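# Structural description and commentary
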Amino acid sequence: MTVLTVKGQSNATVILRGLLQQHGMPALTPEGIDALSAKFGRGLMIGNGVISFDGKPLIDALRAIYADADSRRFFVSAKDGQHQQDGTVTERYRAEIAAARKQTRMPDDWQDVRGRYAADSVTAKHMDEVEASRGAGR
């Protein structure tokens, strides 16, 4: 078995964030990042698929810190309005971009063109789909 020792606060921060996200725990506050990366900056070991600290799984130590009322301040709470969002960063950015994207207006002659085609034609069906996707033919 290969064991990798992780050293440094920056590396500990990356591991902490990833481990919390992987186990569905709240993210760390800036104070929590500073305090916990300093605490775990030396002594983290990765071996056999487990990240450990002092011979025990790191996730257990993080759960214990979260369970303690005094140290819960290291974690973002839902009441702060900063709760962890679902999905990946890419999915969130795509959703944000799609929401911000300006909808183009329907052409002024849309209804005139629509009147030229029978209701069961391919063009009319396509125009129905366009109207449905835009919200009732603006």
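About the thresholds
- For every chain, the first residue of the written sequence is number 1, and numbering continues from 1 along that sequence.
- In keeping with the model being predicted, local features are shown solely for residues with a pLDDT of at least 70 and side-chain atom pairs are shown and tallied solely at 80 or more, while totals for entire chains, interfaces and linings include all residues.
- Excluding hydrogens and water, the side-chain values take into account all heavy atoms of the structure.
- Where helices are involved, their axes are fitted lines through C-alpha atoms of the stretch in contact, as for all axes, and angles between N-to-C directions lie from 0 to 180°.
- A helix here means a DSSP run of H or I that spans at least four residues, while a strand means a run of E at least two residues long, and both kinds are numbered starting from the N terminus.
- Throughout, the term roughly parallel applies to angles under 35 degrees, roughly antiparallel to angles over 145, roughly perpendicular to angles from 65 to 115, and oblique to all others.
- Pairs of residues are marked as contacts when any of their non-hydrogen atoms sit within 4.5 Å.
- Residues are grouped as follows: Ala, Val, Leu, Ile, Met, Phe, Trp, Tyr, Cys and Pro are nonpolar; Asp, Glu, Lys and Arg are charged; all remaining types, including Gly, are polar.
- Type-normalised accessible area, obtained with a 1.4 Å probe on protein chains alone, sets the label of each residue: buried when under 20%, exposed when over 50%, and partly exposed for intermediate values.
- Residue-level confidence of the predictor is summarised by pLDDT, bounded by 0 at the bottom and 100 at the top.
- Stacked, tilted and edge-to-face pairs are distinguished by plane angle, under 30 degrees for stacked and over 60 for edge-to-face with tilted covering the rest, among Phe, Tyr and Trp rings (Trp via its six-membered ring) whose centres lie within 6.5 Å.
- The rule is short: NZ of Lys or CZ of Arg within 6 Å of the ring centre and within 35 degrees of the ring normal puts a charge over the ring.

### Remarks on the packing of helix H1 (residues 9-22) against helix H3 (residues 58-67)
Packing of H1 against H3 leaves a shortest axis separation of 11 Å and a crossing angle of 80°. Regarding the angle of H1 to H3, the classification is roughly perpendicular. Between H1, through Ile15, Leu16, Leu19 and Leu20, and H3, the contact on the second element is made entirely by Leu58, Ile59 and Leu62. A class-by-class count of the residues in the contact of H1 with H3 yields seven nonpolar, no polar and no charged.

### Regarding the side chain of Thr29
Within the secondary structure layout, Thr29 lies in the loop between H1 and helix H2 (30-40). In this structure Thr29 comes out as buried when scored by relative accessible area, which is 13%.

### Regarding the confidence of the model for the protein
Overall, the predicted model of the protein reaches an average pLDDT of 83, with 88% of residues at or above 70. The weakest mean pLDDT in the protein belongs to helix H4 (residues 89-100) at 75; the strongest belongs to H3 at 92. A low-confidence stretch, residues 81-85 stays under pLDDT 50, and its non-local contacts, those more than four residues away or across chains, total ten contacts.

### Quick look at the packing of aromatic side chains
What characterises a pair of aromatic rings is the spacing of the ring centres plus the angle enclosed by the ring planes. Applying the stated rule across the entire model yields two aromatic pairs. The interplanar angle of 90° and the centroid separation of 4.8 Å between the aromatic rings of Phe40 and Phe53 together place this pair among those described as edge-to-face. Remark: Phe53 occurs in strand E3 (residues 50-53) and Phe40 occurs in helix H2; sequence separation between them is 13 residues. The class of Phe53 is buried, set by a relative accessible area of 16%. Here the aromatic rings of Tyr66 and Phe75 are separated by 5.0 Å at their centres, their planes lie at 85°, and the arrangement is edge-to-face. Classification of Tyr66 as partly exposed rests on a relative accessible area of 28%. The exposure class of Phe75 is buried, given its relative accessible area of 4%. Lying across the ring of Tyr66, Arg72 places its NZ or CZ 4.5 Å from the centre.

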